[in-house]
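If you want the building blocks of each chain, they are given just below.
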Amino acid sequence: MTERELMIECIPQITEMALEIKKMTPDQYLEFKQEHLTEVERTYPVALGFIKKMYQIIEWSLFGKATENQKEGSGIC
């Protein structure tokens, strides 16, 4: 399965996550995101790049623009 196919398969879960994130304050979201990225890096580091891309999609859909790190091309949200 390609990364694109996996992303398409995960659309329902990504949408659900975005809806929950939308309810958070900016500080709550940043804390949640950092804790999640740390946990993914600890438990399944090979998935970290995919999860970061997932956050980029969520942030683009919620905020309508790239985050500063995305603009800089660092790939880290």
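Above this text is the structure in question.
Now for a quick tour of the structure. (Residues numbered from 1 in each chain as written. Predicted model: local features only at pLDDT ≥ 70, side-chain atom pairs only at ≥ 80, totals over all residues. Heavy atoms only, no water.)

## Considering helix α3 (residues 26-43)
Under the convention used in this document: The numbering of helices and of strands both runs from the N terminus, where a helix is a DSSP run of H or I of at least 4 residues and a strand a run of E of at least 2. To estimate how far a helix should extend, the number of its residues minus one is multiplied by 1.5 Å. Using a 1.4 Å probe on the protein chains alone, a residue whose accessible area is under 20% of its type maximum counts as buried, one over 50% counts as exposed, and one in between counts as partly exposed. To obtain the arc, one takes the directions from the helix axis to the C-beta atoms. Any two residues whose heavy atoms approach within 4.5 Å are treated as being in contact.
A rise of 1.5 Å per residue sets the reference length of α3, with its 18 residues, at 26 Å; its end C-alpha atoms lie 26 Å apart and thus fit the reference within 8%. Of all the positions in α3, only Y29, K33, L37 and V40 are classed as buried. Burial along α3 is one-sided: seen end-on, the buried residues are contained in an arc of 65°. For α3, the exposed residues set more than 90 degrees away from the buried face come down to D27 and R42. At its buried positions, α3 is contacted by α2 (11-22) and α4 (48-63).

## Observations concerning the packing of α3 against α4
A pair of packed helices can be characterised by two numbers: the angle between their axes and the separation between those axes. Going by this rule: Working convention: axes come from line fits to C-alpha atoms, limited for helices to the stretch in contact. Angles between N-to-C directions cover 0 to 180 degrees. Angular relationships are summarised with four words: roughly parallel below 35 degrees, roughly antiparallel beyond 145, roughly perpendicular across 65 to 115, and oblique for the angles in between. Note on convention: near helix rotated counterclockwise from far helix by under a right angle means a left-handed crossing. Clockwise means right-handed. Each residue is assigned to one class: nonpolar for Ala, Val, Leu, Ile, Met, Phe, Trp, Tyr, Cys and Pro, charged for Asp, Glu, Lys and Arg, and polar for all the others, Gly among them.
Closest axis-to-axis distance for the α3/α4 pair is 9 Å, and the angle between their directions is 160°. On the basis of their axis angle, the class for α3 and α4 is roughly antiparallel. Like other packed secondary-structure pairs, α3 and α4 cross with a definite hand, here right-handed. On the side of α3, the interface is formed by Y29, F32, K33, H36, L37, V40 and E41, while α4 contributes L48, I51, K52, M54, Y55 and E59. Split by residue class, the contact of α3 with α4 holds eight nonpolar, one polar and four charged.

## Looking at the nonpolar core
Where we set the bar: What is meant by a nonpolar core is a set of buried Ala, Val, Leu, Ile, Met, Phe, Trp, Tyr and Cys residues, joined one to another through side-chain atoms within 4.5 Å.
I14, M17, I21, I51, M54, Y55 and I58 are the most contacted members of the largest nonpolar core, which totals 16 residues. The set of elements that each furnish at least two residues to this core consists of α2, α3 and α4. Beyond its immediate sequence surroundings of up to four residues, I58 is in contact with I14, M17, A18 and I21.

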